[in-house]
Amino acid sequence: MARIFIYGSCVSRDAYEFLDKSSNELLGYTARQSLISAANKPFHADAASGSLTSRFQVKNLQGDFDGNVLKTLTDIANTVDHVFWDLTDERLGVIEVDAGTYITRSTELVQSGLLTDLTASKWIKFGTDEHFTLWEDAVSLFSQLVRSKGLESKIVLFNLPWSMYDDGGGTLGRYWAMTPDEANNTFARYMAVIRAHMDVFLLELPWAATISSRSHKWTLAPYHYVDDVYQEVAIALRGQLNAPQSTNDTEIEMSSPSNLNQNTETWADSVDAPPRLEISAGVASVGVQFEARNDETESKRVLISLRLHGADRHDLSEYRIAKSTHEKIGYFRYADIHPGTRSYFSFFDLPSGVTCTGISVHGWQLESGAVLLRKLSITSSPTREENVSATLASQGSAVAIGDGAPRSELIPPLYTKALVLTTRFSLFLPQNAAWYASNGSRFNSSQEYANYLYSPARIGPRLDIFTGISLPAIALMAEKNAVLHRVQYSRDLPNEYLERLEDAAAAFPFVKLELVDDAGVTREPDLVQDFLNATSQGRDVVFGDARLDDDDILSSDFFDLCAPHLTTEHVGYGLSLARGLTGLYEEGCVTSLKRVIEPKIAIGLMTIGRFDADLGAVTQTLIGSHPTIDQRMPLILDSRSPSYLWMRHLEQDSVLQLDPERARTIVEHSLSRHESQTVDEAITAKFPTVPFS
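It should be emphasised that the depicted structure is a prediction, and the values quoted were computed from it without experimental measurement.

Quick look at the environment of alanine 682 now. Assignment of secondary structure puts alanine 682 in helix H16 (residues 681–686). For the pair alanine 682 and threonine 219, spaced 463 residues apart in sequence, the C-alpha to C-alpha distance is 7.5 Å.

A few words now on the environment of glutamate 136. Within the secondary structure, glutamate 136 is located in helix H6 (residues 129–148). With relative accessibility at 32%, the residue glutamate 136 sits in the partly exposed group. As a C-alpha pair, glutamate 136 and isoleucine 36 span 100 residues in sequence and 9.0 Å in three-dimensional space.

Taken in spatial order, the 5 strands of this open sheet run E23-E30-E25-E26-E31, and their pairing is mixed. The open sheet has two edge strands with one neighbour each: strand E23 (553–554) and strand E31 (675–676).

Among the residues making up helix H4 (residues 69–76), those that are buried are Val69, Leu70, Leu73 and Ile76. Down the axis of H4, the smallest arc covering the buried residues is 140 degrees, so these residues share one side. Residues of H4 that are exposed and point over 90 degrees away from its buried face: Lys71 and Asp75. Contacts from the buried residues of H4 go to strand E1 (2–8), strand E2 (24–31), helix H2 (35–38), strand E3 (82–85) and H6.

So, about the nonpolar core. In terms of nonpolar packing, the biggest core is built from 74 residues, with Phe84, Trp85, Leu87, Trp135, Phe142 and Ile194 touching the most fellow members. The element contributing the most residues to this core is H6, with 8 residues. Sequence-distant contacts of leucine 87, defined by excluding residues within four places in its chain, comprise Trp135, Leu157, Phe187, Tyr190, Met191 and Ile194. In this structure, Phe428, Phe508, Ala546 and Ile603 belong to the second largest nonpolar core, which totals 47 residues.

Let us look at a negative patch on the surface. Taken together, the side chains of Glu496, Glu499, Glu502 and Asp503 present a region of like negative charge at the surface. Structurally, the position occupied by aspartate 503 is in helix H12 (residues 495–507).

Before going further, it helps to examine the packing of helix H11 (residues 456–478) against H12. Packed helix pairs are characterised by how far apart their axes lie and by the angle those axes make with each other. Here H11 crosses H12 at 5 degrees, and the two axes come no closer than 11 Å. Between H11 and H12, the angle falls in the class roughly parallel. Residues Pro456, Ile459, Leu463, Asp464, Phe466, Thr467 and Leu471 of H11 lie in contact with H12, whose contacting residues are Tyr497, Arg500, Leu501 and Ala504. Looking at the contact of H11 with H12 residue by residue, the classes come out as 8 nonpolar, 1 polar and 2 charged.

Here is what the cut-offs are and how they apply
- Residues numbered from 1 in each chain as written.
- Predicted model: local features only at pLDDT ≥ 70, side-chain atom pairs only at ≥ 80, totals over all residues.
- Heavy atoms only, no water.
- Helix = DSSP H or I, 4+ residues; strand = E, 2+ residues; numbered from the N terminus.
- Buried < 20%, exposed > 50% of the residue type's maximum accessible area, 1.4 Å probe, protein only.
- Pairing = 2+ DSSP bridges.
- Arc of directions from axis to C-beta.
- Contact = heavy atoms within 4.5 Å.
- Core = buried A, V, L, I, M, F, W, Y, C linked by side-chain atoms within 4.5 Å.
- Patch = residues over 30% accessible without salt bridge, like charges linked within 9 Å, V, L, I, M, F, W, Y side chains within 5 Å.
- Areas by Shrake-Rupley, 256 points an atom, 1.4 Å probe, with all protein chains shown as cover.
- Salt bridge = Lys/Arg side-chain N within 4 Å of Asp/Glu carboxyl O.
- Lys, Arg positive; Asp, Glu negative; His and termini not counted.
- Charge placed at Lys NZ, Arg CZ, Asp CG, Glu CD.
- Axes fitted to C-alpha atoms, helices over the stretch in contact; angles between N-to-C directions.
- Parallel < 35°, antiparallel > 145°, perpendicular 65-115°, else oblique.
- Nonpolar A, V, L, I, M, F, W, Y, C, P; charged D, E, K, R; others polar.

Spatial relationships are all this shows, so hold off on functional conclusions.
Have a look at this one:
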């Protein structure tokens with residue numbers, strides 16, 4: 001009987017269900033607990049004091065507060081046979097509660113409502129340099145513990161890539177603000193730290209073998225796999241569980257499916273013998289995976305080269321694909337190879353009519369031997385129903401890349417994409433009837449209107465939502481995209497509120513404050529122009545110019561949902577992402593969550609403009625009144641994925657000056673018209689900053 005303890009997530013826990021229970025016993029399961037949390041000081045709080053009702057969730061949250069996994073492993077060190085460990089929950093990041101005290105930013109923590117009490121805390125996101133440094137320290141401490149307790153040889157480290165495709169052939173998008181290839185690259189960096197500190201049994205699958213299940217019991221996600229994946233893992237585990245524990249750093253690699261042909265274990269020089277794969281049938285999208293070794297102290301650059309058919313009619317810059325004038329390179333994308341040995345992932349989703357028939361990876365302006373490569377493989381979506389086979393091409397013919405050739409000869413001028421958001425923060429415009437609160441017919445004087453507009457009861461919740469929920473969500477977009485958020489305010493805004501906006505602008509570099517006059521005209525007319533010029537770097541910019549109220553939230557993948565429409569062909573168009581969510585915001589939490597589809601809704605509604613880098617000129621159409629935008633310009637309507645959270649609360653302007661009970665009745669009646677939405681992992685991944693209850 002093998003006694004197993006699981007430290008990780010559903011990835012390893014679900015795999016355990018495919019083992020023979022008559023010969024395996026589960027001693028315990030610790031989830032939702034970052035190693036950073038476990039390796040640092042405990043957080044003295046009672047998880048049961050929050051709003052969680054599930055005992056399992058309370059147990060997980062309290063365990064994270066206590067950082068109890070290290071003590072648990074110490075207690076069972078002499079009885080446990082195997083420790084299953086996966087890093088999936090590290091994606092959540094950690095909250096720095098105090099110096100040396102960190103807790104995992106788990107779904108349980110958000111849903112408990114306890115996070116709203118941690119006003120001085122800081123969210124340290126997964127993949128940031130700060131998080132990675134904390135991770136390195138935590139792994140160092142953890143390695144000492146498991147080695148001293150004789151646990152090192154008992155660890156089975158799961159390394160299953162996030163899947164790119166589901167079992168219906170669909171391509172998976174962003175989860176927890178990461179695409180699958182971005183997540184896999186980040187996890188590979190963290191895995192490399194473990195392998196540098198510890199000798200563990202590494203269980204791996206190739207990217208092509210990890211397919212997500214649309215009918216998974218925990219909903220669709222890139223780390224919720226089809227049963228075949230767990231069965232393959234179980235086969236490998238059975239071999240390890242029955243094997244004597246001897247040499248470590250052993251690596252399990254599963255047999256790949258028929259549409260994948262992997263490179264051998266032999267290292268190939270990226271300059272003298274760049275590895276290649278020939279794809280027998282063209283594919284419309286393809287994920288590339290390879291392992292690279294860089295023994296130097298600085299990062300090196302390689303090119304992932306694609307042989308494409310039908311690409312000449314398309315501008316592929318929006319797909320992050322450039323074209324070289326070098327015939328043997330063709331279309332390509334850069335990949336930076338960091339010091340050490342690890343896997344790399346890159347996904348290419350091609351436009352309609354374009355197919356890929358070959359992949360190669362080349363060193364970029366490198367000396368021979370600087371970067372070595374192996375295990376080049378693909379995961380692909382075929383353009384027709386037959387299987388796609390990839391065969392390893394000859395590695396003998398070297399391609400000289402960048403030997404004195406200026407980079408401008410390899411990369412043609414491209415256009416880039418950007419997003420400009422505008423929030424008019426409680427502007428004092430007494431004669432403007434565009435907002436309910438601004439309609440002079442509702443007040444006897446401008447002073448009465450100002451008193452209402454800046455009353456603590458009204459503006460307090462808006463500031464909390466804007467600075468604590470909305471801006472952190474936009475920050476996730478701004479990490480990898482060009483985003484400007486203009487926050488306009490009136491000269492009458494009380495200093496105490498202006499200071500909070502100034503603090504937010506200091507915390508979020510993409511936020512720029514704009515003073516406007518009594519007519520609502522900005523005093524910073526060059527702000528957008530300067531942003532587009534800085535973003536341009538000599539290239540044209542196609543940008544979305546969108547509006548956002550101070551009490552509404554955009555999804556973390558909002559930029560990605562807009563990006564396919566931000567093309568030169570759509571300049572002068574409007575864009576309405578109509579699908580979203582709505583709910584009641586009360587006492588720091590969102591309840592009564594509903595699904596909505598509202599074409600032309602003001603939240604995130606945008607026009608598409610262009611910045612001409614040569615002329616320094618902006619081409620742009622103003623939105624005007626949102627209900628009639630389609631009468632002034634062509635309008636793109638996209639209702640495929642939730643892109644916003646429409647906050648309802650009892651201090652919003654549509655129910656101003658009403659009796660509280662009457663206001664609640666109106667808001668709740670409005671919400672009742674929509675279909676309910678469960679707060680599942682897909683929702684929290686799209687809105688990770690929102691405190692759902």
